[in-house]
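Spelled out, the chains give:
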Amino acid sequence: EADIYQTPRYLVIGTGKKITLECSQTMGHDKMYWYQQDPGMELHLIHYSYGVNSTEKGDLSSESTVSRIRTEHFPLTLESARPSHTSQYLCASSAANTEAFFGQGTRLTVV
Amino acid sequence: AQSVAQPEDQVNVAEGNPLTVKCTYSVSGNPYLFWYVQYPNRGLQFLLKYITGDNLVKGSYGFEAEFNKSQTSFHLKKPSALVSDSALYFCAVRDVRDTGRRALTFGSGTRLQVQP
C-alpha cells in the first residue's frame with residue numbers, strides 16, 4: 001500500500017454545505033494531483049500542484065479549490081456543494097521518476 | 001496533447017485462460033506508459049510501467065505488458081486468469097518531455113470479468 005491517505009472515505013452532505021476533502025502523503029513527493037472519477041469510470045485531472053504554494057487547474061473545469069501549504073498535505077474544498085459535485089475524488093502524488101501513487105478515494109454524494 | 005484509448009468496455013474470460021486488455025496511446029514525444037487496477041470502492045493500484053528498455057514489462061500479480069512503438073500499443077496480458085483478477089483496469093500515458101506537470105492521462109477503463 002502506498003503512503004497516501006484520503007479522508008473521509010465516504011461523505012453524504014446537503015446542498016449548499018462547505019466541504020473539505022483531505023489528502024496527505026508521507027513520501028515527500030513534490031507533485032500532487034486531484035482526479036475526479038465519474039460514474040462512467042473515466043478519470044479527469046481537476047487540480048495539480050508542483051510543490052508548496054504552487055497549484056494549477058487541471059484539464060477538467062471544477063468549482064473546487066485546492067491549497068498546498070505543506071508538502072505532505074493537499075486538501076480540496078468545495079465552498080457550496082451541489083448534486084452535480086457527486087463523484088469519486090482521487091488524490092495522487094509522484095516524484096521525479098516514479099509512477100503516481102493513489103489514495104483510496106473519497107466518494108462524495110450531495111443530496 | 002496526449003490520449004489513451006481502451007477500445008473494450010468489458011473483457012470476459014474464463015478462469016485459467018489467458019487474458020488481454022488492449023491499450024493504444026498518442027503522445028507528441030516518447031511515452032511513459034502505466035497500467036493500474038481498481039477494485040470496487042478503492043483507489044488505483046499500480047501494476048506496471050514502461051519507461052525505457054525491454055519492451056516486455058513484468059508487473060505485479062503475474063501481469064505483463066508489451067510496448068509496441070510502431071503500433072503505439074501497450075496491451076496488458078496474463079497467461080492464466082484468476083477470478084480475483086476481476087476489476088477495472090486503466091491504461092495511462094505521460095509524455096517523457098513533460099518534466100513539469102507530470103500528470104497522467106488515463107484511458108476510459110476496461111472492466112475485466114473472470115468467470116469460474
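Description of the structure in this document. These numbers were taken from a predicted model, which means no experiment stands behind them.

Re the overall build of chain B
What chain B contains, in helices and strands, is 0 helices and 12 strands. Starting at the N terminus and ending at the C terminus, chain B contains elements arranged as β-β-β-β-β-β-β-β-β-β-β-β. Going through the 116 residues of chain B one by one, you find that 47% of them count as buried. Pairs at least 24 apart in sequence give 58% of the contacts found in chain B among residues at least 6 apart. Taken as a whole, chain B presents about 5,200 Å² of accessible surface, with 48% of it coming from carbon and sulfur. Distance between charge centres in chain B, computed from 12 positive and 9 negative side chains, equals 7 Å.

With respect to the interface of chain A and chain B
Taken together, the 29 residues of chain A in the interface contact 22 residues of chain B. Put simply, chain A and chain B have 1 salt bridge between them. Here A:Glu99 ties to B:Lys49 by a salt bridge, and the two come within 2.9 Å at their closest N and O atoms. Here chain A is connected to chain B by 6 residue pairs in polar contact (both at pLDDT 80 or more). Taken together, the elements giving at least two residues each to the side of chain A that touches chain B come down to strand S4 (31–37), strand S5 (43–51) and strand S9 (87–94) of chain A. Looking at the side of chain A that touches chain B residue by residue, the classes come out as 13 nonpolar, 8 polar and 8 charged.

Some details on unusual backbone geometry
The omega torsion across A:Thr7 and A:Pro8 is -10°, close enough to zero to call that bond cis. Following the sequence through the fold, A:Pro8 ends up in the loop between strand S1 (4–7) and strand S2 (10–13). Although it is not a glycine, A:Asn53 adopts a positive phi angle of roughly 65°. According to the relative accessible area criterion, A:Asn53 is exposed, its value standing at 68%. Even without glycine at this site, B:Tyr61 takes up a positive phi of about 60°. With respect to the helices, strands and loops of the structure, B:Tyr61 is situated in the loop between strand S7 (56–58) and strand S8 (64–68).

Observations regarding the pairing of strand S5 (residues 31–38) of chain B
All names here are of chain B. Here S5 lies mainly inside the structure; 8 of its 8 residues are buried. Along S5, one buried face is formed by Pro31, Leu33, Trp35 and Val37 and the opposite face, lined by Tyr32, Phe34, Tyr36 and Gln38, is buried too. Alignment of S5 against strand S10 (residues 87–95), held across 8 bridges, turns out to be antiparallel. Across the sheet, the residue bridging to Val37 is Tyr89, located in S10.

Notes on the nonpolar core
Formed by 27 residues in total, the largest nonpolar core has its most connected members in B:Trp35, B:Leu47, B:Leu48, B:Phe74, B:Leu76 and B:Tyr89. Of all the secondary-structure elements, those providing two or more residues to this core are strand S2 (10–14), strand S3 (19–21), S5, strand S6 (44–50), S8, strand S9 (73–78), S10 and strand S12 (110–115) of chain B. When residues in this core are grouped by element, the largest group, 4 residues, is from S10(B). Discounting residues that sit within four places of it in the chain, B:Leu47 has contacts with B:Trp35, B:Tyr36, B:Val37, B:Gly59, B:Ser60, B:Tyr61, B:Phe63, B:Leu76 and B:Tyr89. Counting residues in each nonpolar core, the second largest holds 20 residues, with A:Tyr33, B:Tyr32, B:Tyr36 and B:Leu88 among its members.

What about the pattern of salt bridges?
If you walk through the whole model with that rule in mind, you get 8 salt bridges over all chains. A salt bridge links A:Arg82 to A:Glu63, with the shortest nitrogen-to-oxygen separation between them at 2.6 Å. Here the residue A:Arg82 occupies a position in the loop between strand S8 (76–78) and S9, and A:Glu63 occupies one in the loop between strand S6 (54–57) and strand S7 (65–66), the gap between them amounting to 19 residues. One salt bridge in this structure joins B:Asp95 and B:Arg97, with 3.3 Å as the shortest N-O distance.

Focus: the side chain of B:Arg94
Relative to the helices and strands, B:Arg94 is located in strand S10. Only 2.9 Å separates the side chain of B:Arg94 from the backbone oxygen of B:Asp98, close enough to count as a polar contact. Residues within four places of B:Arg94 in sequence aside, it is in contact with A:Ala96, B:Gln2, B:Asn30, B:Pro31, B:Tyr32, B:Arg102, B:Ala103 and B:Leu104.

Considering the sheet that holds S8(A)
Residues and elements named next belong to chain A. The strand order across the open sheet built from 4 strands is S1-S3-S8-S7, with neighbouring strands paired in antiparallel fashion. The sheet is open, and its two borders are formed by S1 and S7, each paired with just one other strand. Of the strand pairs in this sheet, S7 and S8 are connected by 2 bridges, and their pairing is antiparallel. Paired with Thr65 across the strands is Thr77, a residue of S8.

Parameters and conventions
- Residues numbered from 1 in each chain as written.
- Chains lettered and ligands numbered in written order.
- Predicted model: local features only at pLDDT ≥ 70, side-chain atom pairs only at ≥ 80, totals over all residues.
- Heavy atoms only, no water.
- Helix = DSSP H or I, 4+ residues; strand = E, 2+ residues; numbered from the N terminus.
- Buried < 20%, exposed > 50% of the residue type's maximum accessible area, 1.4 Å probe, protein only.
- Contact = heavy atoms within 4.5 Å.
- Areas by Shrake-Rupley, 256 points an atom, 1.4 Å probe, with all protein chains shown as cover.
- Lys, Arg positive; Asp, Glu negative; His and termini not counted.
- Charge placed at Lys NZ, Arg CZ, Asp CG, Glu CD.
- Salt bridge = Lys/Arg side-chain N within 4 Å of Asp/Glu carboxyl O.
- Polar contact = N/O pair within 3.5 Å; in protein donor to acceptor, adjacent residues only side chain to side chain.
- Nonpolar A, V, L, I, M, F, W, Y, C, P; charged D, E, K, R; others polar.
- Pairing = 2+ DSSP bridges.
- Core = buried A, V, L, I, M, F, W, Y, C linked by side-chain atoms within 4.5 Å.

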